[in-house]
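# Observations on the model geometry
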Amino acid sequence: MYLLKEEEIKKSLTKINKKKYFEDWFNIVKPILLTKEFQVRRMFSHHKESVWDHSIDVSYKSYVLARAFRCSTYKASIGGLLHDFYPHCWRYSKKLEQYDSSYLDGLYDKKKFFKKHGFVHAKEASINYLKYFKEYEDEIVTDCIEKHMFPLNIRLPKYKESWIVTISDKIDSILDIPIILFYLIKKG
Ligand SMILES: [Fe+2]
Ligand SMILES: [Fe+2]
(Lines give C-alpha, C1' and ligand atoms only; values in the text may rest on other atoms or scores of the structure.)
(Ligands and ions follow the chains in the order given, each with its own letter.)
Protein backbone atom coordinates (compact mmCIF):
# COMPACT_ATOMS: atom_id res chain seq x y z
CA MET A 1 0.00 0.00 0.00
CA TYR A 2 1.28 3.42 -0.94
CA LEU A 3 1.43 5.62 2.15
CA LEU A 4 -0.09 9.05 1.49
CA LYS A 5 1.96 12.03 2.62
CA GLU A 6 0.60 15.08 4.39
CA GLU A 7 0.19 17.24 1.31
CA GLU A 8 -1.42 14.41 -0.67
CA ILE A 9 -3.96 13.84 2.09
CA LYS A 10 -4.81 17.54 2.29
CA LYS A 11 -5.21 17.76 -1.46
CA SER A 12 -7.47 14.71 -1.56
CA LEU A 13 -9.88 16.10 1.06
CA THR A 14 -11.71 18.27 -1.44
CA LYS A 15 -15.00 18.30 0.50
CA ILE A 16 -13.43 20.11 3.46
CA ASN A 17 -9.96 21.43 2.61
CA LYS A 18 -11.23 24.92 1.79
CA LYS A 19 -13.28 25.21 4.95
CA LYS A 20 -12.55 27.70 7.67
CA TYR A 21 -11.38 25.31 10.38
CA PHE A 22 -9.67 22.80 8.14
CA GLU A 23 -6.07 23.58 9.19
CA ASP A 24 -6.87 23.59 12.87
CA TRP A 25 -8.72 20.27 12.61
CA PHE A 26 -6.04 18.75 10.38
CA ASN A 27 -3.30 19.53 12.89
CA ILE A 28 -5.21 17.57 15.53
CA VAL A 29 -5.75 14.44 13.44
CA LYS A 30 -2.62 14.53 11.25
CA PRO A 31 -0.47 12.14 13.35
CA ILE A 32 -3.16 9.45 13.06
CA LEU A 33 -3.87 10.08 9.36
CA LEU A 34 -0.19 9.57 8.52
CA THR A 35 0.03 6.10 10.11
CA LYS A 36 -0.07 2.93 8.04
CA GLU A 37 -2.70 1.32 10.27
CA PHE A 38 -5.14 4.18 9.74
CA GLN A 39 -4.39 4.46 6.03
CA VAL A 40 -5.35 0.78 5.65
CA ARG A 41 -8.90 2.07 6.28
CA ARG A 42 -8.79 3.46 2.75
CA MET A 43 -9.39 -0.18 1.71
CA PHE A 44 -12.18 -0.87 4.23
CA SER A 45 -15.57 -0.51 2.52
CA HIS A 46 -18.16 1.54 4.36
CA HIS A 47 -21.46 1.65 2.49
CA LYS A 48 -20.78 3.89 -0.51
CA GLU A 49 -17.32 5.05 0.53
CA SER A 50 -14.40 3.87 2.67
CA VAL A 51 -13.97 3.87 6.43
CA TRP A 52 -11.19 6.39 5.79
CA ASP A 53 -13.55 8.85 4.04
CA HIS A 54 -16.39 8.29 6.49
CA SER A 55 -14.17 8.68 9.59
CA ILE A 56 -12.68 11.90 8.25
CA ASP A 57 -16.16 13.33 7.55
CA VAL A 58 -17.38 12.40 11.03
CA SER A 59 -14.23 13.78 12.66
CA TYR A 60 -14.47 17.14 10.87
CA LYS A 61 -18.20 17.47 11.63
CA SER A 62 -17.46 16.61 15.27
CA TYR A 63 -14.79 19.31 15.41
CA VAL A 64 -17.21 21.94 14.09
CA LEU A 65 -19.99 20.90 16.48
CA ALA A 66 -17.57 20.81 19.43
CA ARG A 67 -16.62 24.43 18.67
CA ALA A 68 -20.28 25.41 18.54
CA PHE A 69 -21.11 23.64 21.80
CA ARG A 70 -17.93 24.78 23.55
CA CYS A 71 -16.40 21.46 24.42
CA SER A 72 -13.14 19.77 23.46
CA THR A 73 -12.53 20.03 19.72
CA TYR A 74 -9.46 17.84 20.25
CA LYS A 75 -11.33 14.94 21.88
CA ALA A 76 -14.32 15.19 19.54
CA SER A 77 -12.00 15.14 16.49
CA ILE A 78 -10.00 12.14 17.74
CA GLY A 79 -13.13 10.29 18.89
CA GLY A 80 -14.79 11.00 15.54
CA LEU A 81 -11.78 9.82 13.59
CA LEU A 82 -11.45 6.57 15.54
CA HIS A 83 -15.14 5.77 16.11
CA ASP A 84 -15.13 3.05 13.42
CA PHE A 85 -11.58 1.83 13.98
CA TYR A 86 -12.66 -1.81 14.35
CA PRO A 87 -10.00 -4.40 13.48
CA HIS A 88 -11.65 -6.49 10.74
CA CYS A 89 -13.64 -5.41 7.71
CA TRP A 90 -17.34 -6.33 7.52
CA ARG A 91 -17.66 -5.88 3.74
CA TYR A 92 -15.50 -7.77 1.27
CA SER A 93 -12.69 -5.78 -0.32
CA LYS A 94 -10.47 -7.35 -2.95
CA LYS A 95 -7.75 -4.76 -2.40
CA LEU A 96 -7.70 -5.47 1.30
CA GLU A 97 -7.59 -9.22 0.73
CA GLN A 98 -4.60 -8.81 -1.58
CA TYR A 99 -2.88 -6.47 0.86
CA ASP A 100 -3.37 -8.55 4.04
CA SER A 101 -6.13 -11.14 4.23
CA SER A 102 -6.04 -11.16 8.05
CA TYR A 103 -8.17 -8.00 7.89
CA LEU A 104 -10.93 -10.25 6.51
CA ASP A 105 -10.83 -12.66 9.47
CA GLY A 106 -14.33 -13.67 10.56
CA LEU A 107 -15.97 -12.03 7.53
CA TYR A 108 -17.92 -15.15 6.56
CA ASP A 109 -18.58 -16.49 10.07
CA LYS A 110 -22.22 -17.05 10.95
CA LYS A 111 -23.02 -14.71 13.83
CA LYS A 112 -25.94 -14.52 16.21
CA PHE A 113 -28.08 -11.38 15.77
CA PHE A 114 -26.59 -9.43 18.68
CA LYS A 115 -23.05 -10.40 17.63
CA LYS A 116 -23.45 -8.81 14.21
CA HIS A 117 -21.28 -5.90 13.14
CA GLY A 118 -23.80 -3.18 13.99
CA PHE A 119 -23.93 -4.27 17.61
CA VAL A 120 -20.29 -5.12 18.34
CA HIS A 121 -18.07 -2.85 16.26
CA ALA A 122 -18.17 0.14 18.61
CA LYS A 123 -16.74 -1.94 21.45
CA GLU A 124 -14.21 -3.55 19.08
CA ALA A 125 -13.09 -0.10 17.90
CA SER A 126 -12.67 1.11 21.47
CA ILE A 127 -10.31 -1.80 22.15
CA ASN A 128 -8.49 -1.51 18.83
CA TYR A 129 -7.70 2.20 19.21
CA LEU A 130 -5.82 1.43 22.41
CA LYS A 131 -3.76 -1.18 20.57
CA TYR A 132 -2.54 1.25 17.91
CA PHE A 133 -3.02 4.71 19.42
CA LYS A 134 -2.48 4.20 23.14
CA GLU A 135 -1.09 7.74 23.45
CA TYR A 136 -4.64 9.02 22.81
CA GLU A 137 -6.13 7.00 25.66
CA ASP A 138 -8.75 9.11 27.36
CA GLU A 139 -12.08 8.49 29.05
CA ILE A 140 -13.97 10.92 26.81
CA VAL A 141 -12.39 9.60 23.59
CA THR A 142 -13.23 6.03 24.67
CA ASP A 143 -16.82 7.07 25.42
CA CYS A 144 -17.10 8.72 21.98
CA ILE A 145 -16.05 5.47 20.31
CA GLU A 146 -17.84 2.98 22.56
CA LYS A 147 -21.21 4.78 22.56
CA HIS A 148 -21.37 6.04 18.98
CA MET A 149 -23.94 3.41 18.00
CA PHE A 150 -26.52 4.71 20.46
CA PRO A 151 -29.45 3.89 20.39
CA LEU A 152 -28.59 0.55 18.71
CA ASN A 153 -26.15 0.05 21.57
CA ILE A 154 -28.35 1.17 24.43
CA ARG A 155 -25.76 2.73 26.75
CA LEU A 156 -26.17 6.52 26.73
CA PRO A 157 -23.24 8.69 25.64
CA LYS A 158 -21.87 10.30 28.80
CA TYR A 159 -20.14 13.45 27.53
CA LYS A 160 -20.99 16.31 25.17
CA GLU A 161 -18.22 15.09 22.86
CA SER A 162 -19.73 11.58 22.72
CA TRP A 163 -23.16 12.99 21.81
CA ILE A 164 -21.49 15.05 19.11
CA VAL A 165 -19.71 12.03 17.60
CA THR A 166 -22.85 9.88 17.60
CA ILE A 167 -24.88 12.71 15.99
CA SER A 168 -22.16 13.44 13.38
CA ASP A 169 -22.02 9.74 12.54
CA LYS A 170 -25.77 9.64 12.03
CA ILE A 171 -25.78 12.78 9.88
CA ASP A 172 -23.07 11.20 7.74
CA SER A 173 -24.84 7.83 7.52
CA ILE A 174 -28.49 8.84 7.21
CA LEU A 175 -28.72 8.02 3.51
CA ASP A 176 -27.17 4.63 4.20
CA ILE A 177 -29.78 3.46 6.70
CA PRO A 178 -31.54 1.05 4.27
CA ILE A 179 -28.15 -0.48 3.38
CA ILE A 180 -27.17 -0.73 7.05
CA LEU A 181 -30.45 -2.52 7.86
CA PHE A 182 -29.95 -4.90 4.96
CA TYR A 183 -26.47 -5.87 6.13
CA LEU A 184 -27.52 -6.04 9.76
CA ILE A 185 -30.21 -8.57 8.94
CA LYS A 186 -28.51 -10.48 6.11
CA LYS A 187 -24.77 -10.30 6.57
CA GLY A 188 -23.85 -9.34 10.11
FE1 LIG B 1 -19.94 2.74 13.52
FE1 LIG C 1 -19.52 5.47 11.56
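Residues numbered from 1 in each chain as written. Chains lettered and ligands numbered in written order. Predicted model: local features only at pLDDT ≥ 70, side-chain atom pairs only at ≥ 80, totals over all residues.

Here the focus is the overall build of the chain. Regarding its fold elements, the chain presents ten helices and two strands. Overall, the chain shows an N-to-C arrangement of helices and strands of α-α-α-β-β-α-α-α-α-α-α-α. A globule of 188 residues ought to have a C-alpha radius of gyration of about 16 Å, and the chain, at 16 Å, matches this closely. For the chain, the spread of C-alpha atoms along the three principal axes comes to 45 × 40 × 30 Å. Buried positions account for 35% of the 188 residues belonging to the chain. Contacts spanning at least 24 positions in sequence make up 63% of the contacts within the chain whose residues lie at least 6 apart. (Helix = DSSP H or I, 4+ residues; strand = E, 2+ residues; numbered from the N terminus. Rg over C-alpha atoms; globule rule 2.2 N^0.38 Å. Buried ≥ 20, exposed ≤ 12 C-beta atoms within 10 Å, placed from the backbone. Contact = placed C-beta atoms within 7 Å.)

This part takes up helix H5 (residues 73–82). The buried fraction of H5 is high, at nine of ten residues. Of all the positions in H5, only Thr-73, Lys-75, Ala-76, Ser-77, Ile-78, Gly-79, Gly-80, Leu-81 and Leu-82 are classed as buried. Taken together, the buried residues of H5 touch helix H2 (22–33), helix H4 (51–68), helix H7 (117–132), helix H8 (139–146) and helix H9 (160–173).

With that out of the way, let us pick up the nonpolar core. By size, the foremost hydrophobic cluster in this structure holds 36 residues, and its most contacted members are Val-29, Ala-76, Leu-82, Ala-125, Cys-144, Ile-145 and Ile-164. For this core, the elements supplying multiple residues, two or more each, are H2, H4, H5, H7, H8 and H9. When residues in this core are grouped by element, the largest group, eight residues, is from H4. Once residues within four sequence positions are removed from consideration, Leu-82 is found in contact with Ala-125, Tyr-129, Phe-133 and Ile-145. (Core = buried A, V, L, I, M, F, W, Y, C linked by C-beta atoms within 7 Å.)

Here the focus is the packing of H8 against H9. H9 packs onto H8 with a crossing angle of 30° between their chain directions and a minimal axis gap of 8 Å. Taken together, the axis directions place H8 and H9 in an arrangement best described as roughly parallel. Every pair of crossing elements has a handedness; the one defined by H8 and H9 is right-handed. Residues Ile-140, Asp-143 and Cys-144 of H8 form the contact with H9, whose participating residues are Glu-161, Ser-162 and Val-165. (Axes fitted to C-alpha atoms, helices over the stretch in contact; angles between N-to-C directions. Parallel < 35°, antiparallel > 145°, perpendicular 65-115°, else oblique. Left-handed = near helix turned anticlockwise from the far one by under 90°.)

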